[in-house]
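Spelled out, the chains give:
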Amino acid sequence: MADLTKDEVKLIQDSYRGIKLQQGYLAEAFYRILFRNTPAARDLFPEEMSGQLEKFSDMLEFIVNNLSTPWLFTGKIKRLGRRHVNYNAEAEHYDLVGEALIQAVEDMAPRTLTDAEIAAWEKAYRGIASMMKDAAYTDAA
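Conventions and cut-offs
- Residues numbered from 1 in each chain as written.
- Predicted model: local features only at pLDDT ≥ 70, side-chain atom pairs only at ≥ 80, totals over all residues.
- Heavy atoms only, no water.
- UniProt positions renumbered as here; feature names shortened; annotations may be inferred.
- Helix = DSSP H or I, 4+ residues; strand = E, 2+ residues; numbered from the N terminus.
- Expected span 1.5 Å × (residues − 1).
- Buried < 20%, exposed > 50% of the residue type's maximum accessible area, 1.4 Å probe, protein only.
- Salt bridge = Lys/Arg side-chain N within 4 Å of Asp/Glu carboxyl O.
- 1 Å grid on protein atoms, 1.4 Å probe; cavity = no way out; pocket = protein on both sides within 12 Å on 5 of 7 lines; lining within 4 Å.
- Points joined across faces, edges and corners; volume = space filled by probe spheres on them.
- Nonpolar A, V, L, I, M, F, W, Y, C, P; charged D, E, K, R; others polar.

An unreviewed UniProt entry annotates the protein as Globin domain-containing protein of Cognatishimia activa. Regarding the protein, the relevant UniProt record gives this comment under Sequence similarities (unreviewed entry): "Belongs to the globin family."

If you want it as structure tokens, here you go:
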């Protein structure tokens with residue numbers, strides 16, 4: 001996350017402000033897209049999703065709000081990555097999750113996101129996913 005510029009952080013945070021008003025819907029949109037694009041992923045999650053939706057929303061908001069200070073969430077992200085191994089998440093799932101997240105962000109934004117905003121979201125997600133995968137598949141080895 002250290003490689004995000006101040007401008008990229010601002011693009012993400014500013015675009016998220018409009019989405020935040022619909023935060024619960026963003027989580028629902030994310031999982032709907034993920035399960036539509038990757039039906040087998042549904043089996044990795046509980047039948048009743050309300051707790052999962054809340055966890056996702058809370059973590060996303062925490063990360064977005066603290067992009068300028070990644071040391072606040074790095075430990076949480078690494079622990080989350082290690083826990084995902086126990087949920088049968090595999091390294092290749094991270095790309096699918098990223099695609100679903102970016103599509104949900106685009107769908108839920110109150111206006112069309114610019115190419116720079118989308119690129120900033122993608123870059124941030126790649127950084128988070130990299131931290132999670134490193135913790136899950138490298139640190140644990």
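Peer 1: Would you take a moment to explain helix 1 (residues 6-20) for this structure?
Peer 2: Note on helix geometry: an α-helix contains 3.6 residues per turn, so any two residues three or four positions apart are oriented the same way. Across its 15 residues, helix 1 extends 20 Å between first and last C-alpha, which sits within 8% of the 21 Å expected from 1.5 Å per residue. The set of residues buried in helix 1 consists of E8, V9, I12, Q13, S15, Y16 and I19.

Peer 1: Whenever I open this one, the pattern of salt bridges confuses me. Can you help?
Peer 2: Charged atoms that come close allow side chains of opposite charge to pair. Across all of its chains, the model carries four salt bridges by this definition. When the shortest N-O distance is used, the salt bridge between E8 and K123 registers 2.9 Å. Taken together, the residues span a long stretch of sequence, with E8 in helix 1 and K123 in helix 6 (residues 115-139) at a distance of 115 residues. You can call E8 buried: its relative accessible area is 17%.

Peer 1: Hey, could you run me through the layout of surface pockets in this one?
Peer 2: Any empty space left between atoms is shown by rolling a water-sized probe over those atoms. One number sums up the size of the largest pocket: a volume of about 900 Å³. Surrounding the largest pocket, 34 residues form its lining, Y31, F56, L80, H84 and M132 being those nearest its centre. Every element with two or more residues in the lining of the largest pocket is listed here: helix 2 (23-37), helix 3 (50-65), helix 4 (74-86), helix 5 (93-108) and helix 6. Looking at which element gives the most residues to the lining of the largest pocket, the answer is helix 3, with eight residues. Partitioning the lining of the largest pocket into residue classes produces 27 nonpolar, four polar and three charged. A volume near 170 Å³ is recorded for the second largest pocket. The wall of the second largest pocket is formed by Y94, D95, G98, E99, I102, E122, Y125, R126, A129, S130 and K133. Sorting the residues of the lining of the second largest pocket by element identifies helix 5 and helix 6 as the ones contributing at least two each. Examining the composition of the lining of the second largest pocket, we find that six residues originate from one element, helix 6, more than from any other.

Peer 1: Even after reading the chapter, I still don't get unusual backbone geometry, so can you show me in this structure?
Peer 2: Of all residues except glycine, most have a negative phi; of all peptide bonds, most are trans. Located in the positive-phi region is N88, a residue other than glycine, with phi close to 70°. With respect to the helices, strands and loops of the structure, N88 is situated in the loop between helix 4 and helix 5.

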